[in-house]
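Now for the letters of each chain:
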Amino acid sequence: MNSKQPNSIAIAGAGLLGRLLAWRLLRAGARVTLYEAGALSPSPAAAFTAAGMISPLSEAVVSEYAVYEMGLFALRQWPQWLSELHHPSLTPLFSQRGSLVVAHPQDVSELQQFAQELHFVLQKPVGYRWVTREEIRQLEPDLHEGFHNGLLLEDEGHIDNRQLLDVLLNEIRTSGGECIEHCPVTVSAHTITTKTDQRTYDLVIDCRGMGAKNPANQLRGVRGETLHVETREITLQRPVRLMHPRYQLYIVPKPDHRFVIGATQIESEDRSPVTLQSSLELSSALYTLSPAFAEARILELGVNLRPAFMDNMPKVDSQPGLMCANGLFRHGFLLAPAVVSYIVACIQDTSEKPFQSILTAR
Ligand SMILES: Cc1cc2nc3c(=O)[nH]c(=O)nc-3n(C[C@H](O)[C@H](O)[C@H](O)COP(=O)(O)OP(=O)(O)OC[C@H]3O[C@@H](n4cnc5c(N)ncnc54)[C@H](O)[C@@H]3O)c2cc1C
């Protein structure tokens, strides 16, 4: 940081944005204090509940074109950033073997519609191809044999989100960042207010996700539910999406024979536990992907809220002494590299500020 740039920076919220930003700013030479309302590990953040897919093509059919653009940036940026992290684990934080979209033979029109929508949104989409039953067997030998067609989205990736949160925390601490947990705060220009005192900084950055909701900012929570299972009976190389007329299920492989399964996007801020109906839908759809899941052990049923603005697009608001970043919705891992790069560029006052027109549009 040069003498004109903020040196002492407080970040409110140690979820995905807060941790990533703290780490990047420490690397740029700032002094950073990170405040978290809950525990630092395990974290109450949406980023902890998330599946960690980085899937620009899959998301393109349900999002603005800008989400796709920022997603392509994420696929380039994550491997570079992750290579700068020190993590002793043998399992990689990021894997990029594409994702596979399948449908049961009676639902094959869902696949065709998905491909048509890709062409409609992206005109000439690249990085996907149809795969036959034999190719599906080669790609994912443990899947049910009955899938006759699929789509391979070749460049998509996924991240081990829970390990990433821990690795980032460790990196922030070893880089000299101060991390304060169980400390809910409010933010204003240059000021962090805790239950017991007020502290001033050159700059405060609000990354509280749903914790930043207030009547003025029109932030809303979109409920998501996940099922975590463990089984040694089946191995998947990549995330698999199952297209179905009533719901879309995704399953993401995680280390230690674990899998995260999700489907639901519910317009509700209810954080109560998963309903019986949701758990039945998730587990029966999972069983149709492969009967080998029958013996899987259920480890966890997770619920969290995705922070979203009314247009489902991310936003960064800036005023002297305060920046607020929010609205990453269902795309946190897809959009965080763009949002963090933009904020760091603003703080360093570089001539080029990536994605400025998208992130400050409203
Ligand atoms: C079920 C589910 C699945 C998902 N899957 C994916 C996926 O596959 N791919 C993808 O890209 N995205 C996914 N997401 C979305 C992603 O998790 C979010 O977009 C992302 O976590 C948002 O990041 P954030 O840092 O803004 O918020 P969060 O990660 O929620 O972090 C906010 C942090 O602020 C803290 N906080 C709140 N209030 C205060 C306060 N007053 N003081 C201090 N701290 C406070 C919170 O405790 C939390 O730790 C998923 C989300 C859910 C719920």
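The rules behind these values
- Residues numbered from 1 in each chain as written.
- Predicted model: local features only at pLDDT ≥ 70, side-chain atom pairs only at ≥ 80, totals over all residues.
- Heavy atoms only, no water.
- Helix = DSSP H or I, 4+ residues; strand = E, 2+ residues; numbered from the N terminus.
- Expected span 1.5 Å × (residues − 1).
- Buried < 20%, exposed > 50% of the residue type's maximum accessible area, 1.4 Å probe, protein only.
- Core = buried A, V, L, I, M, F, W, Y, C linked by side-chain atoms within 4.5 Å.
- Axes fitted to C-alpha atoms, helices over the stretch in contact; angles between N-to-C directions.
- Parallel < 35°, antiparallel > 145°, perpendicular 65-115°, else oblique.
- Contact = heavy atoms within 4.5 Å.
- Nonpolar A, V, L, I, M, F, W, Y, C, P; charged D, E, K, R; others polar.
- Domains from an automatic or database assignment.
- Buried area = accessible area lost by both parts, 1.4 Å probe.
- Salt bridge = Lys/Arg side-chain N within 4 Å of Asp/Glu carboxyl O.
- Near = heavy atom within 4 Å.
- Polar contact = N/O pair within 3.5 Å; in protein donor to acceptor, adjacent residues only side chain to side chain.
- Areas by Shrake-Rupley, 256 points an atom, 1.4 Å probe, with all protein chains shown as cover.
- Phe/Tyr/Trp six-rings, centres within 6.5 Å; stacked < 30°, edge-to-face > 60°.
- Lys NZ or Arg CZ within 6 Å of the ring centre and 35° of its normal.

Novice: Teacher, can you tell me more about helix α9 (residues 332-348) here?
Specialist: Because the α-helix completes a turn every 3.6 residues, residues three or four places apart line up on one side. Between the first and last C-alpha of α9 there are 23 Å, a value that for 17 residues agrees with the 24 Å anticipated at 1.5 Å per step. Of all 17 residues making up α9, 15 are buried, and the element is well covered by its neighbours. Of the residues one or two after α9, D349 is the one with positive phi, at around 55°.

Novice: What's the story with the nonpolar core in this structure? I'm lost.
Specialist: Soluble globular proteins tend to pack their nonpolar side chains together in the buried interior. Among the nonpolar cores identified, the biggest contains 61 residues, and I11, L25, W78, L164, I205 and I343 are the most heavily contacted of them. No other element matches α9, which puts eleven residues into this core. Of all hydrophobic cores here, the second largest spans 25 residues; its members include V229, L242, I261 and F293.

Novice: Help me understand unusual backbone geometry, please; the structure alone is not making it clear to me.
Specialist: A negative phi holds for most residues other than glycine; trans holds for most peptide bonds. Of note, the bond from S41 into P42 is cis; its omega dihedral lies within 30 degrees of zero at -5°. Phi at Q123 takes a positive value of approximately 65°, unusual for a residue other than glycine. Topologically, Q123 is positioned in the loop between α5 (108-122) and β6 (128-132). Given a relative accessible area of 59%, Q123 falls into the exposed group. In the Ramachandran plot, F329 falls in the positive-phi region, its phi being about 50° despite a non-glycine side chain.

Novice: I'm lost on the packing of helix α4 (residues 65-83) against α9 in this one. Help?
Specialist: Any two packed helices are characterised by the angle at which their axes cross and by the distance between the axes. As a packed pair, α4 and α9 sit with axes 7 Å apart at the nearest point and diverge in direction by 80°. Between α4 and α9, the angle falls in the class roughly perpendicular. Mapping the contact onto sequence places V67, M70, G71, F73, A74, Q77, W78 and W81 in α4 and F333, L334, L335, P337, A338, V340 and S341 in α9. A per-class count over the contact of α4 with α9 returns twelve nonpolar, three polar and no charged.

Novice: What should I look at first to understand the domain arrangement of the protein chain in this one?
Specialist: One frequent convention defines the size of an interface as the accessible area lost when the parts assemble. We note that the domain assignment places domain 1 (8-52 + 161-217 + 310-359) and domain 2 (99-154 + 220-308) within the protein chain. The centre of domain 1, based on its C-alpha atoms, is set 30 Å off from the matching centre of domain 2. With both sides pooled, the region where domain 1 packs onto domain 2 buries about 1500 Å², and carbon together with sulfur makes up 53% of that total. In this assembly, domain 1 and domain 2 are joined by two salt bridges. Between E300 and R162 there is a salt bridge; the shortest N-O distance is 2.8 Å.

Novice: Would you take a moment to explain the site of the ligand for this structure?
Specialist: The immediate surroundings of the ligand are formed by 35 residues, with L17, E36, M53, F329 and F333 found nearest. Between the ligand and R330, the relevant distance is 3.1 Å, taken from a nitrogen atom to a main-chain nitrogen or oxygen of the residue. Between F333 and the ligand, the recorded distance is 2.7 Å, taken from a backbone N or O atom to an oxygen atom. Protein chains bury 93% of the 1000 Å² of accessible surface belonging to the ligand in isolation. Of all the secondary-structure elements, those providing two or more residues to the shell around the ligand are α1 (16-27), α2 (46-49), β14 (220-230), β18 (297-308) and α9. Class assignment of the residues belonging to the shell around the ligand gives a composition of 21 nonpolar, ten polar and four charged. Taken domain by domain, the shell around the ligand gets at least three of its residues from each of domain 1 (8-52 + 161-217 + 310-359) and domain 2 (99-154 + 220-308).

Novice: What should I look at first to understand the packing of aromatic side chains in this one?
Specialist: The geometry of an aromatic ring pair comes down to the distance between the two centres and the angle between the two planes. One pass over the full model with this rule turns up six aromatic pairs. Ring centres 5.7 Å apart and planes at 50° place the aromatic pair Y65 and Y68 in the tilted group. Here Y68 and Y65 lie together in helix α4, a separation of three residues that amounts to about one turn. A relative accessible area of 44% places Y65 in the partly exposed class. Just above the ring of W23 sits the side chain of R24; from NZ or CZ to the centre is 4.7 Å. Across the ring face of F329, the terminal group of R220 is positioned such that the distance to the ring centre comes to 5.9 Å.

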